[in-house]
Amino acid sequence: MKLKIIIGLVVLVVVIGLVWARSRPVAAPVNLTVGENEASTTPTTPETMTMTIKVFFGNNRNDPQSLYCERAYPALREVTKTVASARAALRELLAGPTETEQAQGFFTALNSGVTLQSLTIKNGVATADFSARLGEGVGGSCLVTAIRAQIGETLKQFSTVDSVIISINGQSEDILQP
């Protein structure tokens, strides 16, 4: 009798454990803070899993005269699977379009050499802080709108992000002004 009770309890614990493991979310945590100098914890072995993310750029085939500055178009990228998927997407955005993507009409409005200093996602708001290079030489409402669209759309593809705050060296007011 005692053996049956013990076996029943073990089976119950295993079933509860399986149900709990399957109900855990797969997406990145809602509160995620990542600094630029943190080392990656993703192993780099041939067996490493990958994931597809979208990186949003301007595209002169979809908008030949660049009339729609607020529009950004997705380019698909394969990256090493990580829980910091929003950070990975921004790194890909900052790298700019590949040669293949450029041949497909993609271009970036962001300056080369921009670095991501931090990314925080909390309560649906992504706050991305960039180096001063992001705002250097930026003028004109269309260019500013295009930069904001590329960063915003790249981050809003993730279910944990509803809105985006862009900052430069911790300052979010009076930046990226036309």
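Above this text is the structure in question.
The following refers to the structure shown. What you see is a predicted model, and the numbers here were worked out from it, not measured in a lab.

Another aspect to go through is helix α2 (residues 85-95). Most of α2 sits out of view: eight of its eleven residues are buried. Note on α2: the residue one or two positions beyond its end, G96, has a positive phi of about 80°.

What follows covers the pattern of salt bridges. Enumeration over the complete set of coordinates arrives at four salt bridges. Between E136 and R133 there is a salt bridge; the shortest N-O distance is 3.0 Å. Looking at E136, the relative accessible area reads 39%, which means it is partly exposed. The class of R133 is partly exposed, set by a relative accessible area of 30%. Notably, a salt bridge pairs K156 with E153, separated by 3.8 Å at the nearest N-O pair. Taken together, the residues K156 and E153, both in helix α4 (residues 141-156) and three residues apart, mark about one turn of the helix. Here K156 falls in the partly exposed class, since its relative accessible area comes to 39%.

This part covers the pairing of strand β5 (residues 116-122). Examined bridge by bridge, β5 and strand β6 (residues 125-130) share six bridges and lie antiparallel to one another. The partner of I121 across the bridge, within β6, is A126. A loop of two residues connects β5 with β6, the two strands running antiparallel in sequence, and N123 in this loop sits at a positive phi of about 55°.

Rules used in this analysis
- Residues numbered from 1 in each chain as written.
- Predicted model: local features only at pLDDT ≥ 70, side-chain atom pairs only at ≥ 80, totals over all residues.
- Heavy atoms only, no water.
- Buried < 20%, exposed > 50% of the residue type's maximum accessible area, 1.4 Å probe, protein only.
- Helix = DSSP H or I, 4+ residues; strand = E, 2+ residues; numbered from the N terminus.
- Salt bridge = Lys/Arg side-chain N within 4 Å of Asp/Glu carboxyl O.
- Pairing = 2+ DSSP bridges.

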